[in-house]
Amino acid sequence: MDADEGAAPGELADVAGVLLALAADLGLSPEQLEAIRVAKAGERGSFAGRIVWMGNR
């Protein structure tokens with residue numbers, strides 16, 4: 001979150017690498033993970049608007 005615009009792409013690549021490694025550990029290919037992401041976004045919406053639910057208070 002604190003990365004400047006120059007560092008942000010590298011930081012995002014690190015996060016993507018972690019996600020892909022976790023998916024592989026579960027036996028999911030990157031394509032399978034993306035299909036799940038697309039399906040969930042269609043059902044529940046996505047994070048494109050930068051709106052994140054922080055839970056009930």
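Relevant structure appears above.
This one's a predicted model, so the numbers in the text were calculated from it and none came from an experiment.

### Things to note about the overall build of the chain
Here comes step 1: When helices and strands are tallied, the chain shows 2 helices and 0 strands.
Here comes step 2: When the backbone C-alpha atoms are referred to their principal axes, the chain occupies close to 35 × 30 × 20 Å.
Here comes step 3: Out of the 57 residues in the chain, the part that is buried amounts to 2%.
Here comes step 4: Summed over its atoms, the accessible surface of the chain is roughly 5,400 Å², and 61% of this surface lies on carbon and sulfur atoms.
Here comes step 5: Distance between charge centres in the chain, computed from 5 positive and 9 negative side chains, equals 13 Å.

### What to know about a nonpolar patch on the surface
Here comes step 1: Side chains of V15, V18, L19 and L22 sit close together on the surface and give an oily, nonpolar patch of about 370 Å² of accessible area.
Here comes step 2: When its relative accessible area of 48% is taken as the criterion, V15 is described as partly exposed.

### Here we look at helix α2 (residues 30-44)
Here comes step 1: End to end, α2 covers 21 Å across 15 residues, agreeing with the expected 21 Å (1.5 Å per residue, within 8%).
Here comes step 2: One or two residues past the end of α2 sits G45, with phi positive at roughly 95 degrees.

### Some remarks on helix α1 (residues 8-25)
Here comes step 1: End to end, α1 covers 26 Å across 18 residues, agreeing with the expected 26 Å (1.5 Å per residue, within 8%).
Here comes step 2: Immediately downstream of α1, the backbone of G27 shows phi near 85 degrees, a positive value.

### Section: the environment of A23
Here comes step 1: Within the element layout of this structure, A23 appears in helix α1.
Here comes step 2: Here A23 falls in the buried class, since its relative accessible area comes to 5%.
Here comes step 3: Other than its neighbours up to four places away in sequence, A23 contacts L28 and L33.

Thresholds, definitions, all that
- Residues numbered from 1 in each chain as written.
- Predicted model: local features only at pLDDT ≥ 70, side-chain atom pairs only at ≥ 80, totals over all residues.
- Heavy atoms only, no water.
- Helix = DSSP H or I, 4+ residues; strand = E, 2+ residues; numbered from the N terminus.
- Buried < 20%, exposed > 50% of the residue type's maximum accessible area, 1.4 Å probe, protein only.
- Areas by Shrake-Rupley, 256 points an atom, 1.4 Å probe, with all protein chains shown as cover.
- Lys, Arg positive; Asp, Glu negative; His and termini not counted.
- Charge placed at Lys NZ, Arg CZ, Asp CG, Glu CD.
- Patch = residues over 30% accessible without salt bridge, like charges linked within 9 Å, V, L, I, M, F, W, Y side chains within 5 Å.
- Salt bridge = Lys/Arg side-chain N within 4 Å of Asp/Glu carboxyl O.
- Expected span 1.5 Å × (residues − 1).
- Contact = heavy atoms within 4.5 Å.

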